[in-house]
Structures are given as structure tokens and as C-alpha cells.
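Structural overview for review
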Amino acid sequence: MRIIKTATYEEMSQRAAHIVAAHITLNPACVLGLATGSTPEGLYAELVRLHRLGDLDFRQVKTVNLDEYRHLPRNHPESYYTFMQKHLLSKINIDPANTHLPNGELADAQVACTEYETILRSTGGVDLQLLGIGRNGHIGFNEPDSVFPKDTHCVRLSESTIEANARFFSSADEVPREAYTMGVGTIMRAQRILLVASGKSKAEAVFQTVCGPVTPEVPASILQFHHDATIICDEEAGALLP
Ligand code: F6R
């Protein structure tokens, strides 16, 4: 596991964006696995800036997102579909047909998960997977558990995640209780993984991910077994690392 510590959130975002940009330059038809949440916002802003400078071409890129809230309409202001449009997809020259998220509007979880697995397989697999990390060590919406879930599945969000995501809604009661998420198995099949972490609320999760035992209680700890995983964290998120 490669660890890059940066002084600030801005530097973390730039370093991560330049890794993604280099990957696209070398592999113009690559499949990017994308994450939402506040951490990658700066990274996406930098990708948009590089695109506007004429340095980054998304014409052949395909994207698959990690997760989506269940039962939230696609155009809801806090859906991950809306997030991706707002921060990246509507601002670059990507073909909308090449961008995918789980369909949170499908009430039948079995149908929604099978459909997304079919899409993931049709892309041929993720080349570079971007991840954030939950305060409890979750990746995607794979919450602490007694097993590592393999494929796309429906999860009940933990209290910690509902509380953390309440800031995006008018109250914690508004946060959807369930989501569809790629499994840990799917994430681990990506050729390369890039995890970004910022702020002191992530310090313990980052420490357990890098230095703790590999356990489904800290889903991100499985990255210790990935052959090409990089963590970029700012000073506060990396504060407990030796
Ligand atoms: C979102 C996702 C989540 C977030 C994590 C951190 O697609 O996969 O695992 O990355 O909850 O969220 P922020 O960045 O808001 O702290």
C-alpha cells in the first residue's frame, strides 16, 4: 500500500486529480470507478479545470459509481446521480451513455443489484477505482460487518453513516436508510485503487486501514491485500500514521 501525506486538502485533491488525469492520458478509453461525498469534490474540480485547459479528454472514458441511495429519485438534489452531474459529468466531454450508477429508483433490490452487476461486467472491469472512506472505515457503502460482501448489494446504512451524511439533508430523519453499493469483491477487482481521506474525523479509520488487522469490521483494511492501492491523505486524516 502506497501512502502519500499532504499538508492540506487542496494539495491532496491536486495530487489525486493528477494521478487520475495521468491514467486517462495513458488509457483514453479507461473505466473509472467513482466515489461521491465531500472528499472528492476538490479532485473533481481539478479534473474539470484540466479539461477546460484542453489537457484532459473524456470522450472515450467510461465511469461506474460505487453507490446510490435506495428509494431516492434520480433528480433529488442529494442523489449521487445529481452529485456526479453537478461536480463532474455535466462539465466534461464524457458521453452520458458511458456513465453509470446503481439505479436507486428500482425498489426491487434483487433487480437493481443484478442490473448493476451486468453493467459492471459489460465495461470489462474497473481500471482505476477512486474511494473515500467513512469514519467507521466503510468503502462504498460497505459498512462494518462480519464478512466482506462480494458483489453489488443492498445495505442498511449504519447509524454512524446516517449521522455523518445528515449534513447534506435538512435532518438525520431525511437521510435514506438504505443504499445499493458495489461489493468489496468488485472494488478489489479494480486494477488500481486510489483512496482519498481528509480531516481529523477520518484519522482513526485511516490508521486502522493501514496499520490494523485486515477485518470486515474495518472494510477499508482489505486494501492491504490489493496489489496497487494508494492512499492520499491530508495532515489531519494521516495524523495517527507512524
Ligand atoms: C460515496 C462513498 C462513501 C464516501 C464516504 C466518505 O460514494 O462511497 O464511502 O466516500 O462516506 O464520505 P465523505 O467524503 O463525505 O466524508
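Please refer to the structure higher up on the page.
In short, a report on the structure. The structure displayed is predicted, hence computed values, not measured ones.

**Regarding the site of the ligand**
Lining the immediate environment of the ligand, one finds 14 residues, of which Thr39, Asp67, His138, Gly140 and Lys202 sit closest. Residue Thr36 places a side-chain N or O atom 2.8 Å away from an oxygen atom belonging to the ligand. Here an oxygen atom of the ligand and a side-chain polar atom of Lys202 are 2.6 Å apart. When the ligand is considered free in solution it has 410 Å² of accessible area, and contact with the protein chains removes 94% of it. Across the shell around the ligand, the residue classes tally to three nonpolar, eight polar and three charged.

**Considering the sheet that holds strand 8 (residues 178–181)**
Reading across the sheet, the three strands line up as 4-8-7 and stay open at both edges, with antiparallel pairing between neighbours. Among the strands making up the open sheet, the edge pair consists of strand 4 (67–69) and strand 7 (153–156). Across this sheet, the average inter-strand angle for adjacent strands is 25°, counted without regard to direction. Bridge count for strand 4 against strand 8 is three bridges, and the pairing is antiparallel. Following the sheet pairing, Asp67 is matched in strand 8 by Thr181.

**Digging into the packing of aromatic side chains**
In the structure shown here, the tally under the stated rule is five aromatic pairs. With a centroid separation of 4.8 Å and 40° between ring planes, the pair formed by Tyr69 and Tyr80 is classed as tilted. Pair noted here: Tyr69 is in strand 4 and Tyr80 is in helix 3 (residues 80–87), with a separation of eleven residues, a long-range link. Take Tyr69: its relative accessible area is 1%, and that puts it in the buried class. An angle of 80° between the planes, with centres 5.9 Å apart, marks the rings of Tyr69 and Phe169 as edge-to-face. With a gap of 100 residues between them, Tyr69 in strand 4 and Phe169 in the loop between helix 5 (159–165) and strand 8 connect regions that are remote in the sequence. Judged by its relative accessible area of 11%, Phe169 falls in the buried class. An aromatic cluster of at least three residues, connected via ring pairs, comprises Tyr69, Tyr80, Phe141 and Phe169.

**Re the sheet that holds strand 1 (residues 2–6)**
Two pairing modes exist for strands in a sheet, parallel and antiparallel, and in both the strands are linked by backbone hydrogen bonds. One open sheet accounts for seven strands, arranged 1-10-9-6-2-3-5; its pairing is parallel. The open sheet terminates on both sides in strands that have one partner only, identified here as strand 1 and strand 5 (99–100). Across two bridges, strand 3 (residues 62–65) lies against strand 5 in parallel orientation. Each residue of the ladder has a partner; that of Val64, found in strand 5, is His100. Sheet strands in contact with helix 1 (residues 9–26) are strand 1, strand 2 (31–34), strand 6 (128–131), strand 9 (192–197) and strand 10 (229–234), and its direction is about 165° off that of strand 9.

**What to know about the pairing of strand 7**
Where burial is concerned, the two faces of strand 7 differ: the one with His153 and Val155 is buried and the one with Cys154 and Arg156 is not. Summarising the sheet, strand 7 and strand 8 pair through four bridges and their orientation is antiparallel. Residue pairing in the sheet places Arg156 in a bridge with Glu178 of strand 8.

**With respect to the nonpolar core**
With 42 residues, the main nonpolar core has Leu43, Tyr44, Leu47 and Leu88 as its most contacted residues. Every element with two or more residues in this core is listed here: helix 1, strand 2, helix 2 (41–52), helix 3, strand 6 and strand 9. For this core, the element with the highest residue contribution is helix 1, accounting for six residues. When sequence neighbours within four positions are dropped, the list of residues in contact with Leu88 reads Leu34, Tyr44, Leu47 and Val48. In this structure, Ile187, Ile193, Leu223 and Ala229 belong to the second largest nonpolar core, which totals 27 residues.

About the thresholds
- Residues numbered from 1 in each chain as written.
- Predicted model: local features only at pLDDT ≥ 70, side-chain atom pairs only at ≥ 80, totals over all residues.
- Heavy atoms only, no water.
- Near = heavy atom within 4 Å.
- Polar contact = N/O pair within 3.5 Å; in protein donor to acceptor, adjacent residues only side chain to side chain.
- Areas by Shrake-Rupley, 256 points an atom, 1.4 Å probe, with all protein chains shown as cover.
- Nonpolar A, V, L, I, M, F, W, Y, C, P; charged D, E, K, R; others polar.
- Pairing = 2+ DSSP bridges.
- Helix = DSSP H or I, 4+ residues; strand = E, 2+ residues; numbered from the N terminus.
- Axes fitted to C-alpha atoms, helices over the stretch in contact; angles between N-to-C directions.
- Phe/Tyr/Trp six-rings, centres within 6.5 Å; stacked < 30°, edge-to-face > 60°.
- Buried < 20%, exposed > 50% of the residue type's maximum accessible area, 1.4 Å probe, protein only.
- Contact = heavy atoms within 4.5 Å.
- Core = buried A, V, L, I, M, F, W, Y, C linked by side-chain atoms within 4.5 Å.

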